[in-house]
Amino acid sequence: MNMKLMIASLLLAGCLNLSAQQITVQQDVIDCGQIMFRKPFAVEYDLQNTDTKPLAIREVRTSCGCTAVDYPHSPIPAGEHFKVRAVYDAKQMGHFLKQIGLYAGASNQPVMLSLRGVVVAEAVDFSGNYPFAIGSILADKDAVEFDDVNSGDRLFQKIHVMNNSSETVQPVVMHLPGYLQAQVSPSKIAPGHAGEITLLLDSRLLHNNGLTQTSVYLGMFPGDVVSPNKEIPVSVVRLPNFRSFNEQNMELAPHLQLSADTLDLGAFGSKSKKKGEILVRNTGRTTLDISNLQMFTPGLEVSLGSRKIAPGEETRLKVTAVAKELRRRRARPRVLMITNDPARPKVVIVIQIK
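Computed from a predicted model, the values in this text were never measured in an experiment.

Novice: I keep staring at the pattern of salt bridges and nothing clicks. Help me out?
Specialist: Pairs can form between side chains of opposite charge once their charged atoms are near each other. According to the stated counting rule, one finds 13 salt bridges in the structure shown. Among the ionic pairs, Glu145 bridges to Arg334, the shortest N-O distance being 2.8 Å. With Glu145 in strand S11 (residues 144-149) and Arg334 in strand S25 (residues 334-339), this residue pair connects regions lying 189 residues apart in the sequence. By relative accessible area, which is 30% here, Glu145 ends up partly exposed. Across the pair Arg281 and Glu314 runs a salt bridge, and its minimum N-O distance is 3.4 Å. In this pair, Arg281 sits in strand S20 (residues 273-282) while Glu314 sits in strand S24 (residues 314-322), placing the two residues 33 residues apart along the sequence. For Arg281, a relative accessible area of 30% translates into the label partly exposed.

So this is what it looks like as structure tokens:
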């Protein structure tokens, strides 16, 4: 069979009716991470016969001859766990994605398994530090920010991690919202070894402009429990769309001007709250509309005299910092404004407080 047709048929069959299978897979996609050129690499899949009777794997198909598969050739008893071992020959440099189809019993629908990674001549390791602890994993960051996102953008952020425990971990990112996906490479990380987590953002699935915040959690294995020490806050700032603006639009546009981009409130001392304000002025030719006014952290209270500012007019942004709540912050205190000024659609005001 033509190789492209083989891959297509495997993918199509795998999408048709996986729910009808009597075999369940703990992890159907395994990321091998970096593997060395011409050094075959083996992975193992954990599966279970969830049928009420023994089940035999009658055929195995792969998307190329570069992957050898070892599987049970005798019937698998009902309820029993078993393993399928795949070996990739690593004879081609670069990224790879290989498919395996298992045909069991009388079903014509395969159970699909995948392995992916990158074949390299020399392994490249992360050279930075891991100052943050997330569960039993050390990381180079404990929060992720997607700034200046335009509608339609597909972006990614990486977190470099190292297994600081004495056992191999199988990291999994939990509680992902619909607009985020996560990939962990490699799928299993041995003690003292490093890996990376990639968070992928699809901005088309965000409902609003401005700031969207959520928290995901890094488990050490599939089915791990959620806890505060495994939290990774994720923030996204989506900008208004000004792509259709022409030169005439720009001449008539509003123009935001602030008395300061940073508000220094000094030290709390014995006070529980500190207050300050910034003047917001429209020096443009049409009304300035501040559609979003949001805070990146708890512990800030803000009020704006008016969200719509006529040409030549100004209003006051009042900011109150609350000591008790700010002590629990994990990010810098900042205020976000989303406006209809095409030159400054996003304005971030940094709040300095001790």
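Novice: How should the pairing of strand S8 (residues 111-120) be read in this particular structure?
Specialist: The side chains of a regular strand alternate between the sheet's two faces. Burial analysis of S8 places nine of its 10 residues in the buried class, which makes it a mostly covered element. Relative to S8, strand S2 (residues 29-36) is paired through six bridges, and the arrangement is parallel. Bridge pairing in S8 links Gln34 to Val118. As defined by bridge partners, strand S7 (residues 94-104) adjoins S8 across nine bridges and the pair is classed as antiparallel. What sits directly across from Leu97, in S8, is Arg116.

Novice: Whenever I open this one, the packing of aromatic side chains confuses me. Can you help?
Specialist: Ring pairs (aromatic) are described by centroid distance and by the angle formed between their planes. Scanning all chains against the criterion turns up two aromatic pairs. An angle of 65° between the planes, with centres 5.4 Å apart, marks the rings of Phe126 and Tyr130 as edge-to-face. A relative accessible area of 18% means that Tyr130 is categorised as buried. Positioned above the aromatic ring of Phe296 is the side chain of Arg334, whose terminal nitrogen or guanidinium carbon lies 4.0 Å from the ring centre.

Novice: Sorry if this is basic, but what is going on with the confidence of the model for the protein chain here?
Specialist: Segments scoring low in pLDDT should not have their predicted coordinates read at a detailed level. Mean pLDDT over the protein chain stands at 90; residues scoring 70 or higher make up 94%. Confidence over residues 10-20 falls short of pLDDT 50; this stretch has 18 contacts with residues more than four positions distant or in other chains.

Novice: So what exactly am I meant to see when it comes to the side chain of Asn49 here?
Specialist: Within the element layout of this structure, Asn49 appears in strand S3 (residues 41-49). Residue Asn49 is classed as buried on the basis of its relative accessible area of 0%. A polar side-chain atom of Asn49 sits 2.9 Å from the main-chain carbonyl oxygen of Ile76. One polar contact links the side chain of Asn49 to the main-chain carbonyl oxygen of Pro77, over a distance of 3.2 Å. Excluding anything up to four places from it in sequence, Asn49 contacts Gln22, Pro54, Leu55, Ile76, Pro77, Ala78, Gly79, Glu80 and Phe82.

Novice: Where do I start with the state of the cysteines in this structure?
Specialist: Put plainly, two cysteines are in a disulfide when a covalent bond ties their sulfur atoms together. Counting across every chain of the model gives one disulfide. Here Cys64 is linked by a disulfide to Cys66, with a sulfur-sulfur distance of 1.9 Å. Where Cys64 bonds to Cys66 through sulfur, the torsion about that S-S bond is close to -45°, and the disulfide is left-handed. Residue classification places Cys66 among the buried positions, given a relative accessible area of 15%. Its sulfur unpaired, Cys32 is 11 Å from the next cysteine sulfur, which belongs to Cys66.

Novice: I would appreciate a short explanation of the sheet that holds strand S17 (residues 231-238) in the present structure.
Specialist: Remark on secondary structure: sheet strands pair via backbone hydrogen bonds, oriented parallel or antiparallel. Spatial strand order, S11-S17-S16-S13: four strands in an open sheet with mixed pairing. Strands at the two margins of the open sheet, each flanked by one partner only, are S11 and strand S13 (172-174). Strand-to-strand, the axes of this sheet are offset by a mean angle of 25°, without reference to chain direction.

What counts as what
- Every chain begins its residue count from 1, and numbering advances along the sequence as written.
- Since the coordinates come from a predicted model, pLDDT governs what is reported: local features require at least 70, and pairs of side-chain atoms require 80 or more to be given and counted, while whole-chain, interface and lining totals use all residues.
- Calculated side-chain values reflect all of the structure's heavy atoms, with hydrogen atoms and water omitted.
- What counts as a salt bridge is simple: a side-chain nitrogen of Lys or Arg found within 4 Å of a carboxyl oxygen of Asp or Glu.
- Note on conventions: DSSP H or I runs of at least 4 residues are helices, E runs of at least 2 residues are strands, and numbering of each starts at the N terminus.
- Three exposure classes are used, based on accessible area relative to the maximum for each residue type with a 1.4 Å probe and protein chains only: buried under 20%, partly exposed in between, and exposed over 50%.
- A pair of strands is treated as paired once DSSP finds two or more bridges between them.
- Classification of ring pairs uses Phe, Tyr and Trp, with its six-membered ring standing for Trp, and accepts pairs whose centres are within 6.5 Å; under 30 degrees between planes counts as stacked, over 60 as edge-to-face, and the remaining range as tilted.
- Comment: the charge-over-ring label is applied if NZ (Lys) or CZ (Arg) is within 6 Å of the ring centre and within 35 degrees of the ring normal.
- Every residue carries a pLDDT, the predictor's confidence in it, which falls somewhere between 0 and 100.
- We call two residues in contact when some of their heavy atoms are within 4.5 Å.
- Distance and chemistry together define a polar contact, namely a pair of N or O atoms within 3.5 Å, with one atom able to donate a hydrogen and the other to accept it when in protein, and with adjacent residues in sequence counting only for side-chain atoms on both sides.
- What counts as a disulfide here is a pair of cysteine sulfur atoms lying within 2.5 Å.
- To obtain an axis, a line is fitted to C-alpha atoms, over the contacting stretch when the element is a helix, and the angle between two such axes runs from 0 to 180 degrees between their N-to-C directions.

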